[in-house]
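So the chains spell out like this:
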Amino acid sequence: MELPLLTNDKTRFLLITRWVVMLPLLGTLLVGCGGGGGDDGSTETTPTPPPVSGTPDPEEPGDTPVTPVPEDENQPTLEAPTLTSAVPLPKAGGPSLPPPPDSLRLPADFVFSSSQRQSAMSAAAAATDAAVVTPVQASSSGDENDTNTAAKAIDGDLQTRWESAWSNATDPDAAWLQFDFGSKTAIGYMKLQWERAHAAQYAVYISDDAQTWYQLRYVVGSQGETEQFYNLGIYARYLRLQGVTRATQYGYSLFEAEFRAPTAENSLPTLQTSAVSVPMSGEGLTPLPQFDEPIESTQFSLPDGRLVTRFGMVGRSRHARERGEDWNEIGYGVNDTVDAAGNPRDKGPGAHLNFVANYFQFRTWGVEIIDDSHVAGVTHPKLVVNQYFQEPQKGGGHVFVRGFDNPYVTGYGWMSPGDLLDDSTYLTDGAPCPVVAKPANGVLLRPDSGYGGVMGANDGCSVLFDTFPGHRDNSPDANGVMVPNGKTIDARPLEVGDVLEFSSSFFTTREIMDSLGDSHGYRYYTNELTYVMGEGLRPWYGVQPRLKNEPLPKETLQGGTGSISYDYADNAAFMFQQPQTTIAMENMQRFVEGRRWIHTNLWTGEHNEPDNDRNDAGMALQGPRFNQSSCFGCHINNGRSAAPTVINQRLDTMAVRTAESTVDGTYWPDRHYGLAVQMNARSVTTGEAQNWGTGVWLAGFEDSSATLADGTVVALRKPKVAFEGPTPAVYSLRAAQPMIGMGLLEAIPDAEILSRVRTSPDEDGVKGTANYGYDPETGEVHLGRYGWKAGKVSLRHQVTNAALLDMSVTSPVYPNRLCLAGSAHCNASDGLDTGLSAEAVERMTQYLQLLGVPAQRSLVSGFPKGVTPLPYLDVDPDAIAKGEKLFTDIRCSSCHVVELQTGNTSEFAEVRNQTIKPYTDMLLHDMGDGLADGFQEGLATGSMWRTSPLWGIGYTEYVAAGTPVGYLHDSRARSLTEAIMWHGGEAQTSKQRFAALSAQERQQLLSFLKSL
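This write-up is about the structure you can find in this document.

The rules behind the values
- Residues numbered from 1 in each chain as written.
- Predicted model: local features only at pLDDT ≥ 70, side-chain atom pairs only at ≥ 80, totals over all residues.
- Heavy atoms only, no water.
- Helix = DSSP H or I, 4+ residues; strand = E, 2+ residues; numbered from the N terminus.
- Rg over C-alpha atoms; globule rule 2.2 N^0.38 Å.
- Buried < 20%, exposed > 50% of the residue type's maximum accessible area, 1.4 Å probe, protein only.
- Contact = heavy atoms within 4.5 Å.
- Areas by Shrake-Rupley, 256 points an atom, 1.4 Å probe, with all protein chains shown as cover.
- Disulfide = S-S within 2.5 Å.
- Pairing = 2+ DSSP bridges.
- Phe/Tyr/Trp six-rings, centres within 6.5 Å; stacked < 30°, edge-to-face > 60°.
- Axes fitted to C-alpha atoms, helices over the stretch in contact; angles between N-to-C directions.
- Parallel < 35°, antiparallel > 145°, perpendicular 65-115°, else oblique.
- Left-handed = near helix turned anticlockwise from the far one by under 90°.
- Nonpolar A, V, L, I, M, F, W, Y, C, P; charged D, E, K, R; others polar.
- Core = buried A, V, L, I, M, F, W, Y, C linked by side-chain atoms within 4.5 Å.
- Arc of directions from axis to C-beta.
- Salt bridge = Lys/Arg side-chain N within 4 Å of Asp/Glu carboxyl O.
- Expected span 1.5 Å × (residues − 1).

## Focus on the overall build of the chain
- When you go through the chain residue by residue, the secondary structure sums to 15 helices and 46 strands.
- The C-alpha atoms of the chain give a radius of gyration of 32 Å, which matches the 31 Å a tight globule of 1012 residues would have.
- The dimensions of the chain, computed from C-alpha atoms along their principal axes, are 100 × 70 × 65 Å.
- A burial count over the chain gives 60% of its 1012 residues as buried.
- Contacts spanning at least 24 positions in sequence make up 73% of the contacts within the chain whose residues lie at least 6 apart.
- Only carbon and sulfur atoms are counted for the fraction: they give 51% of the accessible area of the chain, which is about 37300 Å².

## Quick notes on the state of the cysteines
- Per the counting criterion, the structure on display carries two disulfides.
- The disulfide partner of Cys433 is Cys461, and the gap between their sulfur atoms is 1.9 Å. Handedness of the Cys433-Cys461 disulfide follows from its S-S torsion of about -105°: it is left-handed. With a gap of 28 residues between them, Cys433 in the loop between helix H4 (424-427) and strand E18 (450-451) and Cys461 in the loop between strand E19 (454-455) and strand E20 (463-465) connect regions that are remote in the sequence.
- Each disulfide pairs two cysteine sulfurs, and for Cys819 the partner residue is Cys826, the sulfurs being separated by 2.0 Å. Torsion about the S-S bond of the Cys819 and Cys826 cystine: about 90°, corresponding to right-handed handedness.
- The exposure class of Cys819 is buried, given its relative accessible area of 3%.
- Numbered by position along the chain, the disulfide-linked cysteines of the chain connect as 1-2, 3-4.
- Of the cysteine sulfurs around Cys634, a residue in no disulfide, the closest is that of Cys631, at 8.6 Å.
- This cysteine, Cys892, is not joined by any disulfide, and Cys895 carries the nearest cysteine sulfur, 9.0 Å off.

## A closer look at the pairing of strand E38 (residues 696-707)
- Here E38 runs beside strand E39 (residues 713-723); their pairing, made up of 11 bridges, is antiparallel. The residue bridging Trp697 from the neighbouring strand is Ala722, located in E39.

## Here we look at the packing of aromatic side chains
- For the coordinates displayed, the defined rule picks out 33 aromatic pairs.
- Here the aromatic rings of Tyr359 and Phe360 are separated by 5.0 Å at their centres, their planes lie at 80°, and the arrangement is edge-to-face. Judged on exposure class, the residue Tyr359 and its partner Phe360 are both buried.
- Seen from their ring centres, Tyr919 and Phe1008 are 6.0 Å apart, and the 70° between their planes marks the pair as edge-to-face. On the criterion of sequence distance, the pair formed by Tyr919 in the loop between strand E44 (915-916) and strand E45 (924-926) and Phe1008 in helix H15 (residues 999-1011) is long-range, its members being 89 residues apart. When sorted by exposure, Tyr919 lands in the same class as Phe1008, which is buried.

## Regarding the sheet that holds strand E36 (residues 680-682)
- What the three strands build is an open sheet, ordered E32-E36-E37; its pairing is antiparallel. Single-partner strands in this sheet number two, and they are strand E32 (625-626) and strand E37 (689-690).
- Where E32 and E36 come together, two bridges link them in antiparallel fashion. Opposite Arg625, over in E36, you have Ala681 as the bridge partner.

## Some remarks on the packing of helix H6 (residues 585-598) against helix H10 (residues 838-850)
- Relative to each other, H6 and H10 sit at 110°, their axes nearing to 7 Å. On the basis of their axis angle, the class for H6 and H10 is roughly perpendicular. When you trace H6 past H10, the crossing you get is left-handed. Of H10, the residues touching H6 (which contributes Asn587, Arg590, Phe591, Glu593, Gly594, Arg595, Trp597 and Ile598) are Ala840, Arg843, Met844, Gln846, Tyr847 and Leu850.
- Taken together, the residues of the contact of H6 with H10 break down into seven nonpolar, three polar and four charged.

## Structural notes on unusual backbone geometry
- Look at the link from Gln544 to Pro545: it is a cis peptide, with omega at 0°.
- As for its position among the elements, Pro545 is in the loop between strand E30 (540-543) and strand E31 (548-551).
- Of note in the backbone geometry, Glu225 takes a positive phi value of approximately 55° without being a glycine.
- Positioned with a positive phi, Leu968 is a non-glycine residue whose angle comes to about 75°.
- Secondary-structure assignment places Leu968 in the loop between helix H12 (956-960) and helix H13 (976-981).

## Some words on the environment of Met927
- Checked against the element boundaries, Met927 lands in the loop between E45 and strand E46 (944-946).
- Judged by its relative accessible area of 12%, Met927 falls in the buried class.
- Sequence separation between Met927 and Gln690 is 237 residues, and the spatial gap between their C-alpha atoms is 39 Å.
- Each residue touching Met927, except ones within four places of it in the same chain, is listed here: Ser943, Trp945, Trp982, His983, Gly984, Gly985 and Ala987.

## Considerations on the nonpolar core
- Membership of the largest hydrophobic core comes to 103 residues, with the highest contact counts inside it found for Tyr568, Phe591 and Leu836.
- Considering every element that reaches this core, the biggest residue donor is H10, with six residues.
- Those residues in contact with Leu836, other than ones at most four positions away along the chain, are Trp597, Leu602, Leu621, Ala803, Val809, Thr810, Ser811, Pro812, Val841 and Met844.
- Of all hydrophobic cores here, the second largest spans 34 residues; its members include Ile880, Leu886, Phe887 and Cys892.

## Observations regarding the side chain of Thr425
- Inspection of the secondary structure assignment puts Thr425 in helix H4.
- The exposure class assigned to Thr425 is buried, which follows from its relative accessible area of 6%.
- Look past the residues within four positions of Thr425 in its chain and what remains in contact with it is Lys394, Gly395, Leu420, Pro432, Cys433, Gly460 and Cys461.

## Side note on the sheet that holds strand E17 (residues 419-420)
- As summarised here, the arrangement of the six strands in space is E11-E12-E13-E14-E20-E17, forming an open sheet in which the pairing is antiparallel. Strands at the two margins of the open sheet, each flanked by one partner only, are strand E11 (299-301) and E17.
- As paired strands, strand E12 (residues 307-314) and strand E13 (residues 364-371) are joined by eight bridges and run antiparallel to one another. Along E13, the bridge assignment pairs Phe311 with Val367.

## Some points on helix H14 (residues 988-995)
- Considered for burial, the residues of H14 that qualify are Ser990, Lys991, Phe994 and Ala995. Relative to the axis of H14, the buried residues are bounded by an arc of 140° and lie together on one face.

## Let's talk about the pairing of strand E22 (residues 471-476)
- Bridge count for E22 against strand E23 (residues 482-489) is five bridges, and the pairing is antiparallel. Looking at the pairing, His471 lines up with Ile489 of E23.

## Here's the deal with the pattern of salt bridges
- Applying the stated rule across the entire model yields 45 salt bridges.
- Between Asp518 and Arg363 there is a salt bridge, with the nearest N and O atoms lying 2.7 Å from each other. Taken together, the residues span a long stretch of sequence, with Asp518 in the loop between helix H5 (510-515) and strand E27 (523-524) and Arg363 in the loop between E12 and E13 at a distance of 155 residues. Accessibility classification places Asp518 together with Arg363 in one group, the buried group.
- With a closest N to O distance of 2.7 Å, Arg614 and Asp616 form a salt bridge.

## Here we look at the environment of Glu535
- The residue Glu535 is located in the loop between strand E28 (528-532) and strand E29 (536-538) in this model.
- Residues Glu535 and Gly784, 249 residues apart in the sequence, show an inter-C-alpha distance of 36 Å.
- Here Glu535 is in contact with Gln299 and Leu307, once residues within four sequence places are set aside.

## Comments concerning helix H9 (residues 795-807)
- Under the 1.5 Å per step criterion, the end-to-end length of H9 is 17 Å for 13 residues, consistent within 8% with the ideal 18 Å.
- With 10 of 13 residues buried, H9 is to be regarded as a mostly interior element.
- Taken together, the buried positions of H9 are Leu795, His797, Val799, Thr800, Asn801, Ala803, Leu804, Leu805, Asp806 and Met807.
- Phi turns positive one or two residues past the end of H9, at Ser808, with a value near 55°.

See the structure below:
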């Protein structure tokens, strides 16, 4: 039996003498975490098998049988990915009526009465303690029998009920119940008490003549029982409950309907708004805060030339190349990525990019690699690896080179685990490696000494790696599979430029985690990273043989050296949730704590992914009206919000900005909604969901079309919205944008952005205007960077503004909910509402600063022979290259600037001095009347929009994971072609050039965009 080739004689001797007793442990720690005993990437626990069907005859020259990799008998618990569920949508083709006209709403001068008993009542009780309004008659589309008639719904008796006709009805779902109040009547509140057979989906209509109806509310996903409707604000004679979908196979069954007059308690007051001012120039422009030194270093050189690279790790369930089906090479085991007909079959995804339960607590650690390959006189370079865990660990679990020479190794398996300096930390039960405090920036814990003669090593749990392991040479067999050809490539010293795949493991004990008060997992794999000798970490992709890791070329690194590597675990839905590849040791903990806040329901404190401890600090922070309760509610998997697709769809995953008027960039919030519509509501005392009539729904589309030069007709549509309450004078429907790369955009110096501002248009009419904003805390003028009209000046501004407008959550930046009505009372002296703490805001901001950007997918991956490529990695490099040239030729890059440079003053080293490819100039451009919304913010008129970054755009549908999403500010465009054909104004000429392309050229351009 051939023993594994390790890095020095000492380790080889120890392994020889302890081979028998160590074998189970090797299988547990090394193979299970990606390690292998044999130099073929496996521990030889069985005799070498005969060649499998499909492999070349071993008698043929250059062919050698190979060994399967044994199963790990003690793997970490597999925590399957948890994705955000699809947004509930109304029934397609359901009824749709226009909203009520002013003649059916309460007049503007209506005087609300107040509950006589308000001081002695709860707010909820006061809201319903108004004069009862009793209909004079109830009628229906049909009753199931003569007992349960429509009149029973208003007889005041909860023992009787109306039951709609269902057994003989043509369409029992379309049944309705109608109330006649005898004359025009002011109504502010309605309560429905359903029997179990309730309406799962229904509309509330009103009318003055029982002929012409208008839609007041639309209910999706009703749970029945008791439903209350506040703030009806109607002045009408008739009200109808129009069924759309039944909850059971029976009819609709309603015990009682109750109505009350409007009062100050059941209806929303008119807001006292104040102007929101925006600077109209860059006069007095102040740069964002500048930092001489980053919060944490990621790489530095010591005086003697040693290169030190530091990075953070977080626990993962599985390895980077594992999915639900087998990825074996043809002839080397079951390959079920295709069905019997050869069609792709998806049994994935894997579980490599998802976040394990309680990932934010104790499950991050730091790694330090000390590389002496540039030290003068060193002829045999080495890496010294130190790790900094938050709790004691078992030694070992490091891996450096994947077993690419073995056709059985398709998901994991490694040639060498490196040399653990004290083998007893590996062999001893428990977790003998102690916690080691992280050293300060720019210095080592033991700069001039070490452990066991290894300079820089912290202790016996450190690892030395100095030899690229010997392995078998490969040649294609009859099926084109790269298999051993009988030749052996000898081990050799490491060299500058060597590509190493590094991974670590988290092996503590149940007892230790229990002592920390954490009952979740205690053993994990982690990220698989590529380290290049003499350089540091580099994003990677998989090449032949068997997705062997290779650094991605510079031109693919959209997010700089921190770009996210290609994903072979089919975890594309998580691609916008990954930290920078180069994230620093302790910054990883900052990142995951920020992620926890992004995923926290700010009313219940619960995490939107199961099995995570509740965030008690995030409980009950939300006001009574809101759109969503977590950032993830709008930014689906950190991507875009759900697009308007179905009539009656509630648009609460989007934002609707509202204003009374806008003049010269200054706007006055709407007196009914404030700065933005908040469409959902709950009782802040009981937490019970309530309907306060502030919803905005999709009323339909304005359809048009555009014809391309080759005759192709592109259907275009623009969403039309309707308001449950009064329609604002000015409003703008806005989709949530992807959250990736925002820290890199903040790190771009003002001068880099302003250098592209033009005072006069170029030959294509392209100009480019900078927008400016006031820092809400300091009042300083900063360059606008975020939001559809570049109205937010920093990530802190963006985070806290979104928390207020979209979630009704205050913060140190916006201390009370009076901020929703304007600037006048938006200060601590006018009151403090419980909201996000300073620490929570900091963590959420840091999370966004450290979110990475996926690398461009323009290279062919080396999938095992016979494996169906993942759709987003199935690329045509030639088409992409031609599309990239077309992108420049038709001058899309005039606004979508390909390359920008970040500065060196950010708080985070990860985003400093990076060449990035965001495909934006960060400036405003007039996009024409077709995209105008009438809403002005500072220098951004209604037709002006900030150039949206294109990085990551090719992942749009994968990140959405089944939820329909769209492009442009209101998600009107269902495809990139539609989005381009909506361009006008400064982009008109480029759009015309696109329309003139041939079908093949258009496809090449789209292939390029989809690779981003």
